[in-house]
Amino acid sequence: VLIEGGELLILPFIEDLFGELRRFSFKIHIITNGILIDERFAFLLSQLNGDVGVSLDGPTFEKNRFRFSDYTTYKKVLKGINLLVESGVNTYINCTITKDNADDFPQLVDLASSLGVKGIVLQQLHCVGNTSPDFFKEHFLSFQQELKIKNWLKSLPQYYPNIELVNSEVTFFSDIPERYERVCD
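Since the structure is predicted, the reported quantities are computational estimates derived from the model, not experimental observations.

Cut-offs and rules
Residues numbered from 1 in each chain as written. Predicted model: local features only at pLDDT ≥ 70, side-chain atom pairs only at ≥ 80, totals over all residues. Heavy atoms only, no water. Helix = DSSP H or I, 4+ residues; strand = E, 2+ residues; numbered from the N terminus. Buried < 20%, exposed > 50% of the residue type's maximum accessible area, 1.4 Å probe, protein only. Contact = heavy atoms within 4.5 Å. Areas by Shrake-Rupley, 256 points an atom, 1.4 Å probe, with all protein chains shown as cover. Patch = residues over 30% accessible without salt bridge, like charges linked within 9 Å, V, L, I, M, F, W, Y side chains within 5 Å. Salt bridge = Lys/Arg side-chain N within 4 Å of Asp/Glu carboxyl O. Core = buried A, V, L, I, M, F, W, Y, C linked by side-chain atoms within 4.5 Å. Pairing = 2+ DSSP bridges. Right-handed = clockwise from strand over helix to strand, strands pointing away. Phe/Tyr/Trp six-rings, centres within 6.5 Å; stacked < 30°, edge-to-face > 60°.

*Asks:* What am I meant to see in the overall build of the protein chain here?
*Replies:* Helix and strand counts for the protein chain come out as seven helices and six strands. Moving toward the C terminus, one meets the helices and strands of the protein chain in the order β-α-β-α-β-α-β-α-β-α-α-β-α. By the burial criterion, 43% of the 185 residues in the protein chain qualify as buried. Sequence separation of at least 24 residues holds for 71% of the intrachain contacts in the protein chain that already meet a minimum separation of 6. Roughly 10000 Å² of accessible area belongs to the protein chain as shown, and the carbon and sulfur atoms make up 52% of that amount.

Encoded structure:
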C-alpha cells in the first residue's frame, strides 16, 4: 500500500490510520517531505511493516530551495531522516532527477550514506498540477547528463554496497520529453 500526496503527517487522524494499518499484513510505503518527523512520528512509523521515503532533490539546501522555504527546514528534514534511521525504519531518499541536480548525484549518494538510509529512489521529472510545459522542457535532463547518471548508477554498488538504488523510473530518459509533451499541454 502506497500512501502519499500532500503531506500525510498533518492529517488529524494519522495516528489512528497507522494503528489500523498495523492490524493488516500489507507492506506500507509512505512518502513524506520529512518536515514533521519527530521522535513520536519516528516511533509510530517504526511500528509499521514497510518503509518511508523522504523527498530530497539534492545534497544541499540550495538544491532543495523549491521544496523547503529556508535552511532551518532543510536541517529539520535531515534530523527527521536521522530519527527514522535510529528508530529502525527502512528509510529512503526520494529524488527527482532534473537538469538542475543531476550533476550533484554523487554528493546525494554521499549524504544518503552518511545518514544511514537504506537507499535512494530515483524518479524522473513529471509534468503535474499547474506546471507549465516550458518548465518541464527546461528542467528535463540533457542527454549528456543522462549518460553520466547511467554511468554513476553502474558504479554505485562498488563504492556504496549498503545503498540500495530503487530505479523506479530512471532507465532511459532520452525519449521522455517528447512522450510527456502531450501530457503537459
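*Asks:* In this structure, what is going on with a nonpolar patch on the surface? I would like to understand it.
*Replies:* Together, I10, L11, F13 and L36 give the surface a local cluster of nonpolar side chains, amounting to about 340 Å² of exposed area. Inspection of the secondary structure puts L11 in the loop between β1 (2–3) and α1 (14–22). Exposure remark for L11: the relative accessible area of 31% places this residue in the partly exposed category.

*Asks:* When you look at the pattern of salt bridges in this model, what are you seeing that I'm missing?
*Replies:* If charged atoms from side chains of opposite charge come close, those side chains can pair. Taken as a whole, this structure holds seven salt bridges when the rule is applied. Two residues, E62 and R65, come together in a salt bridge whose shortest N-O distance is 3.2 Å. Assessed through its relative accessible area of 41%, R65 is described here as partly exposed. A salt bridge links K63 to D104; the nearest nitrogen and oxygen atoms lie 3.0 Å apart. Separated by 41 residues along the polypeptide, K63 in the loop between β3 (50–55) and α3 (71–86) and D104 in the loop between β4 (90–97) and α4 (105–115) bring together distant segments of the chain. The buried category is assigned to D104, whose relative accessible area is 19%.

*Asks:* Is there a simple way to explain the nonpolar core in this structure?
*Replies:* If you look at soluble globular proteins, the nonpolar side chains tend to sit buried side by side. In terms of nonpolar packing, the biggest core is built from 43 residues, with F18, I30 and L56 touching the most fellow members. Other than its neighbours up to four places away in sequence, I30 contacts I3, L8, F18, L45, L48, D51, V52 and G53.

*Asks:* Would you explain the pairing of β4 in this entry?
*Replies:* The side chains of a regular strand alternate, residue by residue, between the two faces of the sheet. Along β4, seven of the eight residues are buried, which leaves the element largely enclosed by surrounding structure. Sheet topology places β4 next to strand β5 (residues 119–124); six bridges connect them, and they run parallel. Paired with N94 across the bridge in β5 is V121. Regarding the hand of the β-α-β motif, the stretch spanning β4, α4 and β5 is right-handed.

*Asks:* Is there a simple way to explain the packing of aromatic side chains in this structure?
*Replies:* Between two aromatic rings, the relevant description is the distance of the centres plus the angle of the planes. This model, assessed by the stated rule, comprises five aromatic pairs. Arranged with centres 6.3 Å apart and planes meeting at 85°, the rings of F61 and Y71 form a pair that is edge-to-face. One end of the pair, F61, is in the loop between β3 and α3; the other, Y71, is in helix α3, with ten residues separating them in the sequence. Centre to centre, the rings of F68 and Y74 are 6.3 Å apart; their planes meet at 50°, and the pair counts as tilted. Look at F68 and you get buried, because its relative accessible area is 2%. Aromatic rings pair up to connect F61, F68, Y71 and Y74 into one cluster.

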